[in-house]
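Okay, here's what each chain looks like letter by letter:
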Amino acid sequence: MANMFCPQCRLEQPTEHAFCVRCSASLPGHLLDISPSKRMRFFAGLRVTDADPEGAFLRVSCYLKEQIFNSPEGSVKIPGNHVRFSVWVGSEARSVISIPESEARELAAFITEELRRLNQSVASVE
Ligand SMILES: [Zn+2]
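All of these numbers come straight from a predicted model, not from anything done at the bench. (Residues numbered from 1 in each chain as written. Predicted model: local features only at pLDDT ≥ 70, side-chain atom pairs only at ≥ 80, totals over all residues. Heavy atoms only, no water.)

### Quick word on the pairing of strand β7 (residues 82-89)
The line we're drawing: Partly exposed describes any residue whose relative accessible area lies between the buried limit of under 20% and the exposed limit of over 50%, with all areas from a 1.4 Å probe on protein chains only and scaled to the type maximum. Helix and strand assignments come from DSSP, with helices taken as H or I runs of at least 4 residues and strands as E runs of at least 2, each series counted from the N terminus. Strands are treated as partners if at least two bridges between them are detected by DSSP.
Across the eight residues that make up β7, a large majority, six, are buried. As judged from the eight bridges shared by β7 and strand β8 (residues 92-100), these two strands associate in the antiparallel manner. Note that in β8 the partner of arginine 84 across the bridge is serine 98. Here β7 folds back onto β8, and the loop between the two strands holds two residues, one of which, glycine 90, carries a positive phi near 65°.

### Some remarks on unusual backbone geometry
One non-glycine residue, arginine 10, adopts positive backbone phi at about 70°. Locating arginine 10 in the fold gives a position in the loop between β1 (4-5) and β2 (12-13). Positive phi is not limited to glycine here, since serine 24 has a value of about 60°. Mapped onto the elements, serine 24 comes out in the loop between β2 and β3 (38-44). Residue classification places serine 24 among the exposed residues on the basis of a relative accessible area of 53%.

Interpretation in functional terms is not warranted from these geometric data alone.
Rendered as structure tokens:
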């Protein structure tokens, strides 16, 4: 089961909702692909400079198994064991990158560990 979070206020939403119950923003439910070998979550963007887009969010998709999608134009093979990051502004994907599962685990550990270290160094200065 996929989780859907409002890209504006981050409130978790039922996946069948089209609009946020808290802030009434349009929800990106059409981007959810509910599949047992794929998990996805949205993370709200933070505007740090004036050049940063309004309403941006990060979509993170974890793929477990290789999947093949068939369409009249041909078939697309999506490899398993990777994590795909896409930067969305509104309903448009602006950039994407996929990394192997091993790198994604390193990334998760890096963020967790570095935030812990930074919090400790701030706490020891105070
Ligand atoms: Zn909201």
